[in-house]
Amino acid sequence: MRFKQKVRLLLLCIVALASCNLWAAVLDDLYRVELTQAEGQSRDEVMRDATVVMLQRLAGNDVELQRGPLAAALKAPQELIRRIGSVDGGKVRIEFDPDTLSGVLREAGLSALGRNRPGILVWAVEAGELGDRSMSPVSPWALLLKEAAAHRGVALSFPLGDLQDMSQVNEQVIRQASRDELLEASERYPAEGTLALTIAGQGEQAALDWTLWLNDQSSSGRITRAVDAAADELMRLMADAVFAQYSIPAAGADGVSGWRLHVEGINSAADYSNLLRMVRQLGSQQQAKVVAIEGDTVLLQVRFPGSESQLERLLNLDMRLQRVPEPIPEPEPEPEPEPEPRALQQQGDDNLTTAEPMAAQDSALDAVADPLGAEALPSVAPEQAAPAAPAAPAMPTLYFRWRG
């Protein structure tokens, strides 16, 4: 009994650690590319090929590479690279500098993606001679899909396959791409997209039938190619769907809007550090500025060249941020007018009575002082005050609660 309790505790710890790592689909290895150096291929050619892969991860697979700043970058890829080395399997590992890449993309005026990307949960079934079977996260096909996803910059994940998953999803549900059942089963996982995949084929040929649900959009298709090429093509299509919904539009300085993020629940230095890190990873054009810190509330200012819905969609990639409604300000009580004492009121009336004869005396003195009736000097109008500059419109504020 004691042994079972230890095993159960260990499993709970593993699940807890896994959930901590799944707060957000942050691709820490996004700026690292691994390629196999073909026989007779020079190191410069490998660097150029890796740069193409890197630019497509950030600016989309359909990005134009033959002109402008990107073409210049491909002529001198070493200027974008931080380090290069060899790894097992005869591959070359190249790590790029994020800031330099961001500068090239800004100069080219291209939309781009950052490290934060929507997770895609794949429910897959493999067709075999003995019938369909759910794909294990450690099966050869799963490992191939993970490698292809990393190459294309896709945050791919797999379900646990425990009793709860098996009670909701079976092979028939996956093969038929039953939307309601799959989306309901995916709610327990921190992923924005759900992929239903059926894998068939013999030998080196594969046939993939897929359906993707990402937010309010869905797409499907069939891929029939060699095994490696089929896996890469599937992840390329997933990357295209992600880019279409989450890429940050390019904009000049005049087209970038300012937003304020009002975040409550920042109770530690770790929460504060994670919040700033999350904002920095939204994309290449975000520059977070701390405006104020009061208690457990942090007010940030972010420059973002998109709409409120686009910004909120990107922020929702980190499930530690929960959107909350704007607080309703309490109305300030109006001050009650103080009653005027009757004595002061009577004294004021007396002053008005004596003011009239004094005014008449002043007029008579003016007439004596100017017996010739000289024309009055033209009155000089006071200098007109410069028109006040219009007040800058208040930045829109989005309100969140941090669930660290």
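A quick note: this is a predicted structure, and the numbers were derived from the prediction, not measured.

A. Expanded view of the overall build of the protein chain. A count of helices and strands for the protein chain gives 12 helices and 14 strands. When the 404 residues of the protein chain are sorted by exposure, 37% land in the buried category. Taking all contacts inside the protein chain whose residues are at least 6 apart in sequence as the whole, residues at least 24 apart take part in 67%. Carbon and sulfur atoms provide 52% of the accessible area of the protein chain, an area that totals close to 24900 Å².

B. View of the sheet that holds strand 2 (residues 81-87). The strand order 1-3-2 describes an open sheet built from three strands, whose pairing is antiparallel. The open sheet has two free edges, formed respectively by strand 1 (32-36) and strand 2, since each of these has just one partner strand. Strand after strand, the sheet turns through a mean of 20° between neighbouring axes, direction not considered. In this structure, strand 2 lies alongside strand 3 (residues 91-96), joined through six bridges in antiparallel fashion. Bridging from a neighbouring strand, Ser86 pairs with Val92 of strand 3.

C. Local environment of the nonpolar core. Membership of the largest hydrophobic core comes to 54 residues, with the highest contact counts inside it found for Trp141, Leu234 and Leu275. Among the elements that line this core, the one with the most residues is helix 9 (residues 227-246), at 10 residues. Residue contributions to this core reach at least three from each of two domains, namely domain 2 (119-248) and domain 3 (257-326 + 394-402). Beyond its immediate sequence surroundings of up to four residues, Trp141 is in contact with Glu126, Met135, Ile199, Ala206, Leu208, Val227 and Ala231. Core analysis: the second largest hydrophobic core is formed by 29 residues, Leu30, Val46, Val92 and Phe96 among them.

D. Summary view of helix 3 (residues 68-75). Every buried residue belonging to helix 3 is among Leu70, Ala71, Ala73 and Leu74, and all of these are buried. Taken down its axis, helix 3 places every buried residue within 160° of arc, on the same side. At its buried positions, helix 3 is contacted by helix 2 (43-59) and helix 4 (98-108).

E. Looking closely at the packing of aromatic side chains. Inspection of the entire model under this criterion finds one aromatic pair. Ring geometry for Trp123 against Tyr189: centres 6.4 Å apart, planes inclined by 75°, an arrangement best described as edge-to-face. One end of the pair, Trp123, is in strand 4 (residues 119-128); the other, Tyr189, is in the loop between helix 8 (179-186) and strand 7 (193-200), with 66 residues separating them in the sequence. The buried category is assigned to Trp123, whose relative accessible area is 4%. Tyr189 sits in the buried class, given a relative accessible area of 10%. The aromatic ring of Tyr246 is capped on one face by Arg313, whose charged end is 5.8 Å from the ring centroid. When the ring centre of Phe400 is taken as origin, the NZ or CZ atom of Arg323, which lies over that ring, is 5.8 Å away.

F. Quick peek at the environment of Trp213. Here Trp213 lies in strand 8 (residues 205-214). A residue is classified by how much of its surface remains accessible, and Trp213, at 9% relative accessible area, is buried. The spatial distance from the C-alpha of Trp213 to the C-alpha of Arg179 is 8.3 Å, given a sequence separation of 34 residues. Residues in contact with Trp213, not counting those within four places in the same chain, are Ala177, Arg179, Leu182, Leu183, Glu192, Gly193, Thr194, Ala196 and Ser218.

G. Main features of the packing of helix 5 (residues 140-152) against helix 9. The contact between helix 5 and helix 9 brings their axes to 9 Å, and the two run at 50°. The pairing of helix 5 with helix 9 is recorded here as oblique in orientation. The two elements helix 5 and helix 9 cross, and the hand of that crossing is right-handed. Facing helix 5, whose interface residues are Trp141, Leu144, Leu145, Ala148, Ala149, His151 and Arg152, helix 9 presents Val227, Asp228, Ala231, Asp232, Leu234, Met235, Arg236 and Ala239.

H. Layout of helix 8. Within helix 8, burial applies to Leu182, Ala185 and Ser186. All buried residues of helix 8 fall inside an arc of 100° around its axis, so they share one side. Contacts made by the buried residues of helix 8 are with strand 4, helix 6 (163-168), helix 7 (171-175), strand 7 and strand 8.

I. Just unusual backbone geometry, in detail. Positive phi values are uncommon outside glycine, yet Ala177 reaches one of about 50°. One can find Ala177 in the loop between helix 7 and helix 8. Within the chain, Asn215 stands out as a residue other than glycine whose phi angle is a positive 55°. Tracing the sequence through the fold places Asn215 in the loop between strand 8 and strand 9 (217-226).

J. Main features of the pairing of strand 7. Taken across its eight residues, strand 7 has seven buried, putting it largely inside the fold. In this structure, strand 4 lies alongside strand 7, joined through seven bridges in parallel fashion. Looking at strand 7, one finds that Val125 is bridged to Thr198. Relative to strand 8, strand 7 runs antiparallel, the two sharing eight bridges. When the bridges of strand 8 are listed, Ile199 appears paired with Leu208.

Reading guide: rules and limits
- The residue count restarts for each chain, going from 1 along the sequence in the order it is written.
- Only residues with pLDDT of at least 70 are given local features in this predicted model, and only at 80 or more are side-chain atom pairs given and counted; all residues enter the totals for whole chains, interfaces and linings.
- Neither water nor hydrogens contribute to the side-chain values; these are computed over all heavy atoms in the structure.
- Runs of E in the DSSP output that reach at least two residues are strands. Runs of H or I that reach at least four are helices, and both are numbered from the N terminus.
- Between buried and exposed lies partly exposed: a residue is buried under 20% and exposed over 50% of the maximum accessible area for its type, with that area taken using a 1.4 Å probe on protein chains only.
- Note on definitions: a residue-residue contact is assigned when non-hydrogen atoms from the two residues lie within 4.5 Å.
- Accessibility throughout is a Shrake-Rupley quantity obtained with a 1.4 Å probe, and a residue counts as covered only by protein chains that appear here.
- One bridge is not enough; two strands pair if DSSP finds at least two bridges between them.
- For helices, the fitted line uses only the C-alpha atoms of the stretch in contact; every axis is such a line through C-alpha atoms, and the angle between N-to-C directions lies from 0 to 180 degrees.
- By convention a nonpolar core is built from buried Ala, Val, Leu, Ile, Met, Phe, Trp, Tyr and Cys residues, the set being connected through side-chain atoms within 4.5 Å.
- Domain start and stop points were drawn from an automatic or database domain assignment.
- The arc in question is traced by the directions running from the helix axis to the C-beta atoms.
- Planes of paired rings set the category: under 30 degrees apart is stacked, over 60 is edge-to-face and the rest tilted, where pairs are Phe, Tyr or Trp rings (Trp by its six-membered ring) whose centres lie within 6.5 Å.
- Lysine and arginine charges are scored as sitting over a ring when NZ or CZ, respectively, is within 6 Å of the ring centre and within 35 degrees of the ring normal.
- For classification purposes, an angle smaller than 35 degrees is called roughly parallel, one larger than 145 roughly antiparallel, one from 65 to 115 roughly perpendicular, and anything else oblique.
- Crossing handedness is defined as follows: a turn of the near helix away from the far one that is anticlockwise and smaller than a right angle gives a left-handed crossing, while the clockwise case is right-handed.

Shape descriptors only; they carry no functional weight alone.
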